[in-house]
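# Descriptive analysis of the structure
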Amino acid sequence: GDSVTQTEGLVTVTEGLPVMLNCTYQTAYSDVAFFWYVQYLNEAPKLLLRSSTDNKRTEHQGFHATLHKSSSSFHLQKSSVQLSDSALYYCALIGGSNAKLTFGKGTKLSVKS
Amino acid sequence: GPKVLQIPSHQIIDMGQMVTLNCDPVSNHLYFYWYKQILGQQMEFLVNFYNGKVMEKSKLFKDQFSVERPDGSYFTLKIQPTALEDSAVYFCASSRDWGSYEQYFGPGTRLTVL
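What counts, and at which threshold
Residues numbered from 1 in each chain as written. Chains lettered and ligands numbered in written order. Predicted model: local features only at pLDDT ≥ 70, side-chain atom pairs only at ≥ 80, totals over all residues. Heavy atoms only, no water. Helix = DSSP H or I, 4+ residues; strand = E, 2+ residues; numbered from the N terminus. Rg over C-alpha atoms; globule rule 2.2 N^0.38 Å. Contact = heavy atoms within 4.5 Å. Buried area = accessible area lost by both parts, 1.4 Å probe. Salt bridge = Lys/Arg side-chain N within 4 Å of Asp/Glu carboxyl O. Polar contact = N/O pair within 3.5 Å; in protein donor to acceptor, adjacent residues only side chain to side chain. Nonpolar A, V, L, I, M, F, W, Y, C, P; charged D, E, K, R; others polar. Buried < 20%, exposed > 50% of the residue type's maximum accessible area, 1.4 Å probe, protein only. Pairing = 2+ DSSP bridges. Axes fitted to C-alpha atoms, helices over the stretch in contact; angles between N-to-C directions. 1 Å grid on protein atoms, 1.4 Å probe; cavity = no way out; pocket = protein on both sides within 12 Å on 5 of 7 lines; lining within 4 Å. Points joined across faces, edges and corners; volume = space filled by probe spheres on them.

If you tally the helices and strands in chain A, you get 0 helices and 12 strands. When the helices and strands of chain A are placed in sequence order, the string is β-β-β-β-β-β-β-β-β-β-β-β. Rg of the C-alpha trace for chain A: 14 Å, near the compact-globule value of 13 Å for 113 residues, within the 12% margin. Each principal axis of the C-alpha atoms in chain A carries an extent, and together these give about 45 × 30 × 20 Å.

The next point concerns the interface of chain B and chain A. The interface is formed by 18 residues belonging to chain B together with 19 residues belonging to chain A. Roughly 1,600 Å² of surface becomes buried between chain B and chain A when both sides are summed, with 58% attributable to carbon and sulfur atoms. For the chain B face of the interface with chain A, the top three residues by lost area are B:M43, B:S100 and B:F105, together amounting to 32%. For the pair chain B and chain A, the number of links is 0 salt bridges. Remark: the boundary between chain B and chain A carries 6 residue pairs in polar contact (both at pLDDT 80 or more). For the side of chain B that touches chain A, the secondary-structure elements that each account for two or more residues are strand 4 (31-37) and strand 5 (44-50) of chain B. With 3 residues, strand 4 of chain B is the single largest residue contributor to the side of chain B that touches chain A. Among the residues making up the side of chain B that touches chain A, the classes are represented as 8 nonpolar, 8 polar and 2 charged.

The next thing to look at is the environment of A:S3. Residues and elements named next belong to chain A. Relative to the helices and strands, S3 resides in strand 1 (residues 3-5). Taking the relative accessible area as the measure of exposure, S3 reaches 25% and is therefore partly exposed. Counting along the chain gives 89 residues from S3 to A92, while the straight-line C-alpha distance between them is 8.7 Å. Apart from residues no more than four positions distant in its own chain, S3 is found in contact with T24, Y25, Q26, L93 and T102.

This next bit is on the sheet that holds strand 3 (residues 19-21) of chain A. All names here are of chain A. With antiparallel pairing, 4 strands are arranged side by side in an open sheet as 3-9-8-7. On the outer flanks of this sheet lie strand 3 and strand 7 (57-60), each paired with one strand and no other. Sheet twist, expressed as the average angle between the axes of neighbouring strands with direction ignored, equals 20 degrees. Where strand 7 and strand 8 (residues 63-66) come together, 4 bridges link them in antiparallel fashion. Its bridge partner lying in strand 8, R57 is registered against T66.

It is worth spelling out the layout of surface pockets at this point. There is about 850 Å³ of room inside the largest pocket. A:Q39, A:L41, A:L88, B:Q37 and B:R110 are the residues nearest the centre of the largest pocket, which is lined by 31 residues in total. For the lining of the largest pocket, the element with the highest residue contribution is strand 11 (residues 109-113) of chain B, accounting for 4 residues. Here the lining of the largest pocket is built from residues that sort into 13 nonpolar, 14 polar and 4 charged.

Spelled out as structure tokens, the structure:
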């Protein structure tokens, strides 16, 4: 079945510096959509980014991600993090014509001043 | 933005009892989902539901689980009877369309089975 791997459980970054959260995946589907969800403390996960186009950069709220099918990756990046970016970030995919998200374990981003 | 509500936020019950988790989805959404997250693990798909029917379910959706949305009210997940391994956070989600459309999540219900 499908799988999503987020290797870092916790990433700590100083405010104003760049960050990259890793996401790699395995799927047998050729038609796949990829998502980054963000979950702030005691809130619901909400969609940050979505992409299904290979090698196309997708941006939202200062974050960006590019799907690279050649390396099975959909890393999340931001050039200058803010304290308010501290949250849990989940990478996920939906493959084929189904509607079930497959999630990674999540990466907690902690931004310090 | 659109919000999904989940009631209650926490529930503690004894093993073997029945529990119903309630979800109030986004008002014009037609597709509904439950996901389960055990502490320290990833969120995993349980089931999705449309037009009164289960569309897809995972192996985690045991025979003791059932879902329904009677008369457009809450979308519910019922577990009867509960087991210790059912302790987890259960997230409800809803979407406007099928497939890779955005799923809107609720904040989760933390279920503890003693």
